[in-house]
Amino acid sequence: MKRNDYISWDEYFMGVALLSAQRSKDNNTQVGACIVNDEHKIVSVGYNGMPIGCDDDDMPWERSAENPLDTKYPYVCHAELNAILNRNSANLSGCTLYVTLYPCNECAKAIIQSKIKRIVYLSNKYADSDATKASEFMFKKCGIAVDEYVSGGKEISLNL
């Protein structure tokens, strides 16, 4: 008789996204992403971090500063964009994106252009922001399914 208490696909892939988030050097927010095709194969992972070639030790990681160029925001690549750019040779059309934080409007554009058809997110702590509202609007207009992650009883967590 087979075991019945195994994790679901959503739990598995969100777990991979959470593990990917642990690679982030950001001292405030760690975000991870995992892109999966319709055969339940991982085609890419990503986390929020500086672009390749930018030394993490030489880049600003602050959330606020007198000069916006002294903050992380103009430089950090979001987990979703990194996952899209880091993909293996697989086509992302029809894939599902598991992400630990609801995508911003800039990532939404890349997700839409990549033809990803479903998003499963863990947290939407910026739900009231214009960036999130713009993402929601675009996802609805483009017919992308967006689902909040629902645990099947297995506890996973991330300090967002």
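Residues take numbers from 1 onward in each chain, read along the sequence in its written order. Per-residue local features are limited, in this predicted model, to residues with pLDDT of at least 70; the limit for side-chain atom pairs, both in listing and counting, is 80 or more; totals at the level of whole chains, interfaces and linings are taken over all residues. Excluding hydrogens and water, the side-chain figures rest on all heavy atoms present in the structure.

**Let's talk about the pattern of salt bridges**
Inference 1: Salt bridges are defined as contacts in which a side-chain nitrogen from Lys or Arg sits within 4 Å of a carboxyl oxygen from Asp or Glu. With the rule as written, the count across this model stands at six salt bridges.
Inference 2: A salt bridge links Asp56 to Lys25, with the shortest nitrogen-to-oxygen separation between them at 3.3 Å. With Asp56 in the loop between strand 2 (42-47) and helix 2 (79-86) and Lys25 in the loop between helix 1 (9-21) and strand 1 (32-36), this residue pair connects regions lying 31 residues apart in the sequence.
Inference 3: Taking relative accessible area as the criterion, Asp56 reaches 24% and is therefore assigned partly exposed.
Inference 4: We call a residue buried when its accessible area falls under 20% of the maximum for its residue type, exposed when it is over 50%, and partly exposed in between, using a 1.4 Å probe and counting protein chains only. Classification of Lys25 as partly exposed rests on a relative accessible area of 40%.
Inference 5: For the salt bridge of Asp147 with Arg118, the shortest nitrogen-to-oxygen distance reads 2.9 Å. Linking Asp147 in strand 5 (residues 145-148) with Arg118 in strand 4 (residues 118-123), this pair joins segments that are 29 residues apart in sequence.
Inference 6: Owing to a relative accessible area of 23%, Arg118 belongs among the partly exposed residues under this scheme. Secondary structure elements follow DSSP: runs of H or I of four or more residues count as helices, runs of E of two or more count as strands, with numbering from the N terminus.

**Here we look at unusual backbone geometry**
Inference 1: Despite not being glycine, His40 shows a phi value in the positive range, around 60 degrees.
Inference 2: Here His40 lies in the loop between strand 1 and strand 2.

**Some remarks on the layout of surface pockets**
Inference 1: Size it by volume and the largest pocket reaches roughly 460 Å³.
Inference 2: Here the term charged refers only to Asp, Glu, Lys and Arg, the term nonpolar to Ala, Val, Leu, Ile, Met, Phe, Trp, Tyr, Cys and Pro, and the term polar to all other amino acids, Gly among them. Broken down by class, the residue content of the lining of the largest pocket amounts to ten nonpolar, seven polar and five charged.
Inference 3: A 1.4 Å probe that fits into a set of points on a 1 Å grid over the protein atoms alone but cannot get out defines a cavity; an open set with protein on both sides within 12 Å along at least five of seven lines defines a pocket, and lining residues are those with an atom within 4 Å of a point. Grid points are joined across faces, edges and corners, and a volume is the space filled by probe spheres set on the points. The space that makes up the second largest pocket amounts to roughly 240 Å³.
Inference 4: Lining the second largest pocket are 13 residues; nearest its centre among them are Tyr47, Met50, Pro51, Ile52 and Asn82.
Inference 5: Looking at the lining of the second largest pocket element by element, the count peaks at three residues for helix 2.

**Some words on the pairing of strand 5**
Inference 1: Strands pair, by our definition, only if DSSP identifies at least two bridges between them. For strand 4 and strand 5, the ladder comprises four bridges, and the chain directions are parallel. Across the sheet, residue Val120 finds its bridge partner in strand 5, namely Asp147.
Inference 2: Note that the unit made of strand 4, helix 4 (residues 130-142) and strand 5 has a crossover that is right-handed. The crossover handedness rule: strands pointing away from the viewer, path from first strand over the helix to second strand clockwise, crossover right-handed.

**Some remarks on helix 4**
Inference 1: Every helix has an expected span of 1.5 Å times one less than the residues it contains. Compared with the 18 Å implied by 1.5 Å per residue over 13 residues, the 18 Å span of helix 4 between its first and last C-alpha is a close match.
Inference 2: Of all the positions in helix 4, only Thr132, Ser135 and Phe139 are classed as buried. Looking straight down helix 4, one finds its buried side chains confined to an arc of 55 degrees; they lie on one side. For helix 4, the exposed residues set more than 90 degrees away from the buried face come down to Asp130, Phe137, Lys140 and Lys141.
Inference 3: Phi turns positive, to about 75 degrees, at Gly143, one or two residues after helix 4. The arc in question is formed by the directions pointing from the helix axis toward the C-beta atoms.

**Details of the environment of Ala21**
Inference 1: By the element assignment, Ala21 lies in helix 1.
Inference 2: Distance from Ala21 to Asn48, taken between C-alpha atoms, is 7.3 Å for residues 27 residues apart in sequence.

**Things to note about helix 1**
Inference 1: With 13 residues, helix 1 extends 18 Å between its outermost C-alpha atoms, agreeing within 8% with the 18 Å of an ideal straight helix rising 1.5 Å per residue.
Inference 2: For helix 1, the complete set of buried residues consists of Glu11, Phe13, Met14, Val16, Ala17, Leu18, Ser20 and Ala21.
Inference 3: Throughout, a contact is declared for two residues whenever any of their heavy atoms are within 4.5 Å. Looking at the packing, one finds that the buried side of helix 1 touches strand 1, strand 2, strand 3 (96-101) and strand 4.

**Notes on the sheet that holds strand 4**
Inference 1: Taken in spatial order, the five strands of this open sheet run 2-1-3-4-5, and their pairing is mixed. The open sheet is flanked by strand 2 and strand 5, the only strands paired with a single partner. For this sheet the average axis-to-axis angle between neighbouring strands, irrespective of direction, equals 15 degrees.
Inference 2: Taken together, the four bridges between strand 1 and strand 3 define a ladder with antiparallel strand orientation. Its bridge partner being in strand 3, Ile35 is matched across the sheet by Leu97.
Inference 3: Sitting on the sheet, helix 2 is in contact with strand 1, strand 2 and strand 3, with an inclination near 140 degrees to strand 2. Only the stretch in contact is used when fitting a helix axis, every axis being a line fitted to C-alpha atoms; angles between N-to-C directions are given from 0 to 180 degrees.

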